[in-house]
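# Examination of the molecular architecture
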Amino acid sequence: MSRILISICALVFVLSLIGLPFFHEANAENVHLGWSEDEIELMRRLRLSVEAVADKNRSNELFFREDAVELGSRLFNDTGLSGSGQIACASCHRPESGFQDTESVTYRLNPQAAHRAPGLLGVAMQDWFFWDGRADSLWSQALAVIENPQELASDRLRAVRHVCARYENSFPALLKDCPEISTLPAAPWGASPLVDNENWQKFTAAQRENINKMFVTIGKSLAAFERGVMPPISRFDLYVDALVEGNSVAAKNLLNSKEVAGLKLFLDPMVGCVNCHNGPMFSNSGFYAVATDSPGRRENDRKQGVTLLLNSEFNCLKWGNAEDCPKVQYVQTDTAETAGAYKVPSLRNLRHAPAFMHDGRYQTVEAVIEHYRNPATLPLRHVDIRPAALLPHQRGQLLSFLKALNSDPSN
Amino acid sequence: MPFVLRYGLSKIFALLLCGVAFASVCAAAEKWEVTLDLPPLAVNQFYEGLLTVADSNGVGITGLRLQIRGRMPEHAHGLPTAPQITEKGQGRYSLKGLSFNMPGRWVIEILHDGETVLRQEYTVRF
């Protein structure tokens, strides 16, 4: 009897040893829904995070100051920053629509505009600004808009006088140099080396430096406000959290099978999406030629952006220490890499986007996916991408996944 | 044919060139001991590296004007930044401004007078 019992115990022991790995594997698959550790790690890096925001805004000492956030908030909606007094930042970057240009104001201001105003959700997480990356900081981006004749169409002296007149009493610490601005001669009223250099040269070097310092404060305050313009969490982010926690029930309720299939395609290096659209904003901050440049209109590409960046009086090297400016110091100037290239945009909250690509050539995400499936390559045209091999049903899966990146949980 | 596939036409062509026309140049390059120390690489960070160039006796070679080139064999583009190499003396050269914004296989080459003196492959991770 005891022999039988020992045999049974031994059999149970051996069976448990054999069965354990299978059981363990099945359990792991259940917890992680078939994702590998590498894939989960990759998804963690795509999960929304603002960890890097301080490092990316090192050149803005006002970035975390509450008074700068408040001043920036008022300036964002202030039509007095425009030459016409009719439009503000918020006219094109509509706060109620994900800070997108949903009404194509960019084109109404200038029907020939080569670029559309992009959305601002998560903009403080970017390394480069504008589609050609001609600004290396959020604060210098704002300054360029104020003086762009096709955008706010004002000039720095006009902007500084306006801000001092309206806000000096409310923000005395930020605008402590306003008294010096008030001592400037009344005429000329407006001046800028970019917009009206003749007037600009009428001021002394010290006066010009004061005006520039105040102008930079305007840009840094606007950037401080935009720190708060972040995308809310999406279903994808919650899905990643559930996977990391091993909560497969919650994960299954967050993404359906079609969306998961789309996510697998998105992460597949052979499909290629994640090569460029990586990081918490689904952009690697790179510039690539994706066959969207138009022959004869290449002047707005990264090649020109680099020239404008290096000539900008507000780039990091001219307003900071060289060691804090590796992006500019080591900027790629090789035209083989920059011609026809545009910045990789974020893929979060595409539902707000009225149009796609740098020139708004496509009205739907389906059309964009079709572009990557069959990019229009021409002889002698440098293109960084290869056709993405996607079957019709896979395009639908990818599209479903992209909708899970919208912040509104109902999407 | 497998030999061609394994070593690639360009390498075979280069070997032939070395054997025929540029024996002295290639021999000079071959004698150099070139090393590049880099940490494990991930996307969207800046890296510094130390390059050393020494002759067959281990004596550092100074005064070289070295350049760097990088590319992804599976893609059509090169490095996202323009790294700079500066001489530190005694055959040591510092490499600064190296960055990658795409994961995968990268080939880094160090060039002297247009000739590749070091070719290394790296896998860049997310």
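Calculation criteria
Position labels on residues start from 1 in each chain and follow its written sequence. Just so you know, chain letters begin at A and ligand numbers begin at 1, following the order they were written in. Selection of residues for local features in this predicted model requires a pLDDT of at least 70, selection of side-chain atom pairs for listing and counting requires 80 or more, and totals for whole chains, interfaces and linings are taken over all residues. In computing side-chain values, all of the structure's heavy atoms are included and hydrogens and water are not. Each helix is a run of DSSP H or I of at least 4 residues and each strand a run of E of at least 2, with the numbering of both proceeding from the N terminus. Three exposure classes are used, based on accessible area relative to the maximum for each residue type with a 1.4 Å probe and protein chains only: buried under 20%, partly exposed in between, and exposed over 50%. In this description, contact between two residues means that some pair of their heavy atoms is separated by no more than 4.5 Å. Note on areas: Shrake-Rupley, 1.4 Å probe, and residue coverage restricted to the protein chains presented here. Buried area, as used here, totals the accessible surface that two parts lose on assembly, with accessibility defined by a 1.4 Å probe and the loss added over both. Throughout this description, the term salt bridge denotes a Lys or Arg side-chain nitrogen within 4 Å of a carboxyl oxygen of Asp or Glu. The disulfide criterion used throughout: a pair of cysteine sulfur atoms within 2.5 Å. What makes two strands pair is DSSP finding at least two bridges between them. Axis geometry follows a simple rule: fit a line to the C-alpha atoms, using only the stretch in contact for helices, then measure angles between N-to-C directions, giving values from 0 to 180 degrees. The pLDDT value tells you how sure the predictor is about a given residue, anywhere from 0 up to 100. Throughout, the arc means that of the directions going from the helix axis to the C-beta atoms. Nonpolar cores are built from buried Ala, Val, Leu, Ile, Met, Phe, Trp, Tyr and Cys residues. Side-chain atoms within 4.5 Å join them into one set. Any angle that is under 35 degrees is reported as roughly parallel, and any over 145 degrees as roughly antiparallel; angles of 65 to 115 degrees are reported as roughly perpendicular and all others as oblique. In the scheme used here, Gly and all other residues not listed as nonpolar or charged are polar, with Ala, Val, Leu, Ile, Met, Phe, Trp, Tyr, Cys and Pro taken as nonpolar and Asp, Glu, Lys and Arg as charged.

### Details of the overall build of chain A
Looking only at helices and strands, chain A has 21 helices and two strands in total. Going through the 411 residues of chain A one by one, you find that 51% of them count as buried. Summarising the internal contacts of chain A: among those between residues at least 6 apart in sequence, 72% fall at separations of at least 24. Carbon together with sulfur atoms contributes 56% to the accessible area of chain A, which is approximately 19700 Å² in total.

### Focus on the interface of chain B and chain A
The interface of chain B with chain A comprises 21 residues on the first partner and 22 residues on the second. Together chain B and chain A conceal approximately 1700 Å² of surface at their shared face, both sides included; 51% is due to carbon and sulfur atoms. Considering only the side of chain B, the residues that lose the most area to chain A are Phe46, Asn101 and Phe126 of chain B, jointly responsible for 32% of the buried surface there. On the surface where chain B and chain A come into contact, there are one salt bridge. Measuring nitrogen to oxygen at the nearest pair gives 3.7 Å for the salt bridge that ties Asp38 of chain A to Arg125 of chain B.

### Some thoughts on the state of the cysteines
Linking two cysteines covalently via their sulfur atoms produces the bond known as a disulfide. Residue and element names in this part refer to chain A. This model, assessed by the stated rule, comprises two disulfides over all chains. Across the disulfide, Cys164 is cross-linked to Cys178 (sulfur-sulfur distance 2.0 Å). Sign of the S-S torsion, about -85° for the bond between Cys164 and Cys178, identifies this disulfide as left-handed. In this pair, Cys164 sits in helix α8 (residues 156–167) while Cys178 sits in helix α9 (residues 178–182), placing the two residues 14 residues apart along the sequence. Cys178 gets classed as buried once you look at its relative accessible area, which sits at 1%. Bridging Cys316 to Cys325, the disulfide has an S-S length of 2.1 Å. Residues Cys316 and Cys325 are joined through a disulfide that is left-handed, its torsion about the S-S bond being -70°. The two residues Cys316 and Cys325 agree in class, both being buried. Once the bonded cysteines of chain A are numbered in order along the sequence, the disulfide links fall as 1-2, 3-4. Here Cys89 stays unpaired: no disulfide links it, and the sulfur of Cys92, its closest cysteine neighbor, is 9.1 Å away. With a relative accessible area of 16%, Cys89 lands in the buried category. There is no disulfide at Cys273, and the cysteine sulfur nearest it, in Cys276, is 9.4 Å away.

### Digging into the side chain of Asn210 of chain A
Residues and elements named next belong to chain A. Assignment of secondary structure puts Asn210 in helix α11 (residues 205–226). Judged by its relative accessible area of 18%, Asn210 is buried. Not counting residues within four places of it along the chain, the set of residues in contact with Asn210 comprises Glu180 and Ile181.

### Section: the sheet that holds strand β4 (residues 84–89) of chain B
By way of backbone hydrogen bonds, the strands of a sheet pair with one another, either parallel or antiparallel. Residues and elements named next belong to chain B. Spatially, the four strands line up as an open sheet ordered β1-β2-β5-β4, and their pairing is antiparallel. In this open sheet, the two edge strands, each paired with only one partner strand, are β1 (33–37) and β4. Averaged over all neighbouring strand pairs, the angle between strand axes comes to 25°, with direction disregarded. Pairing analysis gives five bridges linking β1 to strand β2 (residues 46–54), with the strands arranged antiparallel. Looking at the pairing, Leu36 lines up with Leu51 of β2.

### As for the confidence of the model for chain B
Residue and element names in this part refer to chain B. With 76% of its residues at a pLDDT of 70 or more, chain B shows a mean pLDDT of 83. Mean pLDDT across the elements of chain B ranges from a minimum in helix α1 (residues 2–7), with 40, to a maximum in strand β5 (residues 92–99), with 98. Counting contacts from residues 1–27, a segment whose pLDDT is below 50, to residues more than four positions away or on other chains yields nine contacts.

### Some words on helix α2 (residues 37–46) of chain A
Residue and element names in this part refer to chain A. Residues Ile40, Leu42, Met43 and Leu46 constitute the buried set of α2. Looking down the long axis of α2, one finds its buried residues gathered within 160° of arc, a one-sided arrangement. Across from the buried face of α2, at angles greater than 90 degrees, the exposed residues are Glu37 and Asp38.

### Things to note about the nonpolar core
All names here are of chain A. Residues Leu175 and Ile218 are the most contacted members of the largest nonpolar core, which totals 57 residues. When contributions to this core are tallied by element, the ones reaching two or more residues are α4 (66–76), α5 (89–92), α7 (138–147), α8, α9 and α11. For this core, the element with the highest residue contribution is α11, accounting for nine residues. The residues touching Leu175, leaving out its near neighbours within four places in the chain, are Leu71, Val163, Tyr167, Glu168, Met214 and Thr217.

### Describing unusual backbone geometry
Look at the link from Ala187 of chain A to Pro188 of chain A: it is a cis peptide, with omega at 0°. One non-glycine residue, Phe99 of chain A, lies in positive phi territory at about 60°. You can see Phe99 of chain A is positioned in the loop between α5 and α6 (105–109). Unlike most non-glycine residues, Gln90 of chain B shows phi in positive territory, near 55°.

### Considerations on the packing of α2 of chain A against helix α14 (residues 257–267) of chain A
Residues and elements named next belong to chain A. Viewed as axis vectors pointing N to C, α2 and α14 meet at an angle of 90°, and their least axial separation amounts to 12 Å. Considered as vectors, α2 and α14 are oriented roughly perpendicular to each other. Of α14, the residues touching α2 (which contributes Glu39, Leu42, Met43 and Leu46) are Leu263, Phe266 and Leu267. Among the residues making up the contact of α2 with α14, the classes are represented as six nonpolar, no polar and one charged.

### Quick notes on the pattern of salt bridges
All names here are of chain A. Taken as a whole, this structure holds 25 salt bridges over all chains when the rule is applied. A salt bridge links Asp55 to Arg58; the nearest nitrogen and oxygen atoms lie 3.3 Å apart. Note that Asp155 and Arg158 form a salt bridge whose closest N and O atoms lie 3.3 Å from each other. Assessed through its relative accessible area of 6%, Asp155 is described here as buried. Judged by its relative accessible area of 31%, Arg158 is partly exposed. Sharing partners across several salt bridges, the network here consists of Asp55, Arg58 and Asp324.

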